[in-house]
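Summary of structural features
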Amino acid sequence: MRIVICAAFYPPYRGGYAESVRLLAEGLVARGNTVTVIACDASGFPHKEIVRGVSIARVSAWNPHWLQESFPVPNPFLFWRELYYARHTGVDIISTHTRFFLSTGIGFLFAKVYKILFGKSNYN
């Protein structure tokens, strides 16, 4: 299966959320799936890379200090564009994580518009 994970954070960003998304992505790759993670980048990490079989696309984002840098706001156009590119490679599932992030809303809307199976995980 080809799976796209829409995430607010992904390593090398540090934290439990980013680590849980990484473990999920790598676990899915280990089971023979093709996984792309589209994540926010407010820290200057590489915009495109493949790490442990996971294709990662990071989209520029604003991560306000007054929110303790824990709520990235991606450029919606760029996030949508990455999803659109991924769609052309053939996507079976779009997975989003934690309903509070804009990346979740964009992934959900994209899945509805293009009639792609949608899955969500909440770490609450």
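Residues numbered from 1 in each chain as written. Predicted model: local features only at pLDDT ≥ 70, side-chain atom pairs only at ≥ 80, totals over all residues. Heavy atoms only, no water.

**Here we look at helix H1 (residues 16–30)**
Condition: What counts as a helix is a DSSP run of H or I of at least four residues, what counts as a strand is a run of E of at least two, and both are numbered from the N terminus. How far a helix is expected to stretch is found by multiplying one less than its residue total by 1.5 Å. The buried label applies to any residue whose accessible area, calculated with a 1.4 Å probe on protein chains only, is under 20% of its type's maximum; exposed applies above 50%, and partly exposed to all values in between. Here a residue-residue contact requires only that any non-hydrogen atoms of the pair lie within 4.5 Å.
The end-to-end C-alpha separation of H1 is 21 Å, in line with the 21 Å expected for 15 residues at 1.5 Å each. Among all positions of H1, only Tyr 17, Ala 18, Val 21, Arg 22, Ala 25, Glu 26, Gly 27 and Leu 28 are buried. Residues of H1 that are buried in the fold lie against strand S1 (2–7), strand S2 (34–41), strand S4 (54–62) and strand S6 (93–97). With its phi angle positive at about 95°, Gly 32 sits one or two positions after the end of H1.

**What to know about the packing of aromatic side chains**
For clarity, the threshold we go by: Paired rings are identified among Phe, Tyr and Trp, the last through its six-membered ring, by centres lying within 6.5 Å, and are further divided according to the angle between planes into stacked (under 30 degrees), edge-to-face (over 60) and tilted (the rest).
Applying the stated rule across the entire model yields eight aromatic pairs. Their ring planes at 85° and their centres at 6.2 Å tell us that Phe 9 and Tyr 17 sit as a pair that is edge-to-face. Each member of the pair Phe 9 and Tyr 17 is classed as buried. Ring geometry for Trp 80 versus Phe 110: centroids 4.8 Å apart, planes at 70°, classification edge-to-face. Placement of the pair is Trp 80 in helix H2 (residues 76–87) and Phe 110 in helix H3 (residues 102–113), with a sequence separation of 30 residues. Among the aromatic side chains, those forming a connected cluster through ring pairs are Phe 9, Tyr 13, Tyr 17 and Phe 101.

**Some details on the layout of surface pockets**
Let me state the cut-off plainly: Cavities and pockets are found on a 1 Å grid laid over the protein atoms alone: a cavity is a set of points where a 1.4 Å probe fits but cannot escape, a pocket is an open set with protein on both sides within 12 Å along at least five of seven lines, and a lining residue has an atom within 4 Å of such a point. Grid points are joined across faces, edges and corners, and a volume is the space filled by probe spheres set on the points. For this scheme, ten residues count as nonpolar: Ala, Val, Leu, Ile, Met, Phe, Trp, Tyr, Cys and Pro. Four count as charged, namely Asp, Glu, Lys and Arg, and the remainder, Gly too, count as polar.
For the largest pocket, the calculated volume is near 190 Å³. If you trace the largest pocket, you find 15 residues lining it, with Thr 36, Ser 55, Tyr 85, Ala 86 and Thr 89 closest to the centre. Sorting the residues of the lining of the largest pocket by element identifies S1, S2, S4 and H2 as the ones contributing at least two each. Residue composition of the lining of the largest pocket, by class: seven nonpolar, five polar and three charged.

Read these as spatial facts, not as claims about activity.
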